[in-house]
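A structural walkthrough
Take a look at the letters that make up each chain.
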Amino acid sequence: MSALSTTTTTNRYSSDSGSSISSNLTDDTKTSLAAALDTASFSWVAWFCSLKGNAMLCQVDRSYLEDAFNFAGLEELVPCFAQAMDIILDVQRDSGSTTDSIDRMSEDQRDIIESAAELLYGLVHQRFILSTRGLKRMYDKYKACGFGRCHRVYCRGQPVLPVGQSDVPGKTTVNVYCPRCKDIYFPQVASDGNIDGAFFGTSFPSLFLLRYPNLVPSLPVETFVPRIYGFKVHYSSPLNK
C-alpha cells in the first residue's frame, strides 16, 4: 500500500475545488467535475477501502472509530498517532484542515503520516471485525465470495476467509483460510496479498465460524492419488511420503 502522492492528497480533501462551474463549460466537462467532487466527498475510510489491493478490508463504522477505547494501546505502535487519527476521521482543525498542514510538509513527512494512518486503520480494523457489527460486515463479503475461493481442487470452490499469521504488524502479509480443508493459502488476486496480515489477525476465521456455525462445511472426501499409466503408486514410494 503505497503512500499518497501530493496531488492525490490535495485533490482528495480539497473542500473548494470546483465550487463554481462556469456556465460555458460543456456537459462532458461538468459531468467530469461532478464526478471529481463526488470522489472528494468520500470519507477517508471509504476512499482507502476502495483502493486496489484493499478489497478484503471492510469499512469500520464511524461510531467505532470515534470511541477512544477501541484504540487503547495502539498509540505505542503507531507513529504520529494524533495526526493519523485526524486523517482517518477527516478532522478539520480551527486553524485549517489536517490535510492543509500535511500539504505544507516535506514529501518524507507526508509519507510517514500517511503510512501511519494506513497502519492505524489496519490495526483498528483487526479489532472491529471481531465485533458483532464487524462480523456481520465480513459475513456479507464472505457470502459474496469477496475474499476469493480455495485453490484446492477438491474443495470445489469453497469460499475462504482472510487471516494473519501474526497479530503484530510487519510480520507477514495476509493469507486466506479454507474452512473445508482447514489450510491457509496466498490470496488468488496478487494485489490482495500485499495487505499486512495483522490487519485481520489470527483469531478472525475461528471466531467468524463460531458466530456462524451454519457456514462450517463438511470435510473434503476426495484426495489426489498419484498414478503412473493408470496404476496407483505403491505406498512405499517416495511419492507417498
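What counts as what
- Residues numbered from 1 in each chain as written.
- Predicted model: local features only at pLDDT ≥ 70, side-chain atom pairs only at ≥ 80, totals over all residues.
- Heavy atoms only, no water.
- Helix = DSSP H or I, 4+ residues; strand = E, 2+ residues; numbered from the N terminus.
- Buried < 20%, exposed > 50% of the residue type's maximum accessible area, 1.4 Å probe, protein only.
- Areas by Shrake-Rupley, 256 points an atom, 1.4 Å probe, with all protein chains shown as cover.
- Salt bridge = Lys/Arg side-chain N within 4 Å of Asp/Glu carboxyl O.
- Pairing = 2+ DSSP bridges.
- Axes fitted to C-alpha atoms, helices over the stretch in contact; angles between N-to-C directions.
- Parallel < 35°, antiparallel > 145°, perpendicular 65-115°, else oblique.
- Contact = heavy atoms within 4.5 Å.
- Nonpolar A, V, L, I, M, F, W, Y, C, P; charged D, E, K, R; others polar.
- Phe/Tyr/Trp six-rings, centres within 6.5 Å; stacked < 30°, edge-to-face > 60°.

1. A few points about the overall build of the protein
A count of helical and extended segments in the protein gives nine helices and seven strands. Taken over 241 residues, the protein has a buried fraction of 39%. Total accessible area computed for the protein in this model is approximately 13,700 Å², and 54% of it derives from carbon and sulfur atoms.

2. Some points on the pattern of salt bridges
For the coordinates displayed, the defined rule picks out five salt bridges. We note a salt bridge from arginine 133 to aspartate 61, for which the minimum N-O separation is 3.2 Å. A residue pair is termed long-range when its members are at least 10 positions apart, and arginine 133 in helix α8 (residues 132-143) and aspartate 61 in the loop between α3 (44-49) and α4 (62-65) qualify at 72 residues. By relative accessible area, aspartate 61 is classed as buried at 13%.

3. Some details on the sheet that holds strand β3 (residues 161-163)
With respect to topology, three strands assemble into an open sheet ordered β3-β4-β5, the strand pairing being antiparallel. Edge positions in the open sheet fall to β3 and β5 (184-185), since each of these has one partner strand only. By the bridge criterion, two bridges tie strand β4 (residues 175-177) to β5 in an arrangement that is antiparallel. Directly across from valine 176, in β5, lies its bridge partner tyrosine 185.

4. Observations regarding helix α5 (residues 81-88)
For α5, the tally of buried residues reaches six of eight residues, placing the bulk of the element in the interior. All of the buried residues along α5 are Phe81, Ala84, Met85, Asp86, Ile87 and Ile88. Where α5 ends, the next residue or the one after it, aspartate 90, has phi of about 55 degrees, a positive value.

5. Here we look at the packing of α5 against helix α7 (residues 107-128)
Running from N to C, α5 and α7 cross one another at 75 degrees; their axes reach a closest spacing of 8 Å. One element, α5, and the other, α7, form an angle in the roughly perpendicular class. In this structure, α5 uses Phe81, Gln83, Ala84, Met85, Ile87 and Ile88 to contact α7, whose residues at the interface are Ile113, Ala116, Ala117, Leu120 and Tyr121. A per-class count over the contact of α5 with α7 returns 10 nonpolar, one polar and no charged.

6. Observations concerning the packing of aromatic side chains
Under the definition given, this model contains 10 aromatic pairs. Judged by centre distance (5.1 Å) and plane angle (70 degrees), the ring pair of tyrosine 64 and phenylalanine 128 falls under edge-to-face. Pair noted here: tyrosine 64 is in helix α4 and phenylalanine 128 is in helix α7, with a separation of 64 residues, a long-range link. We note that tyrosine 64, like phenylalanine 128, is buried. Between phenylalanine 204 and phenylalanine 208 the ring centres are 5.5 Å apart and the planes differ by 50 degrees, which places this aromatic pair in the tilted class.

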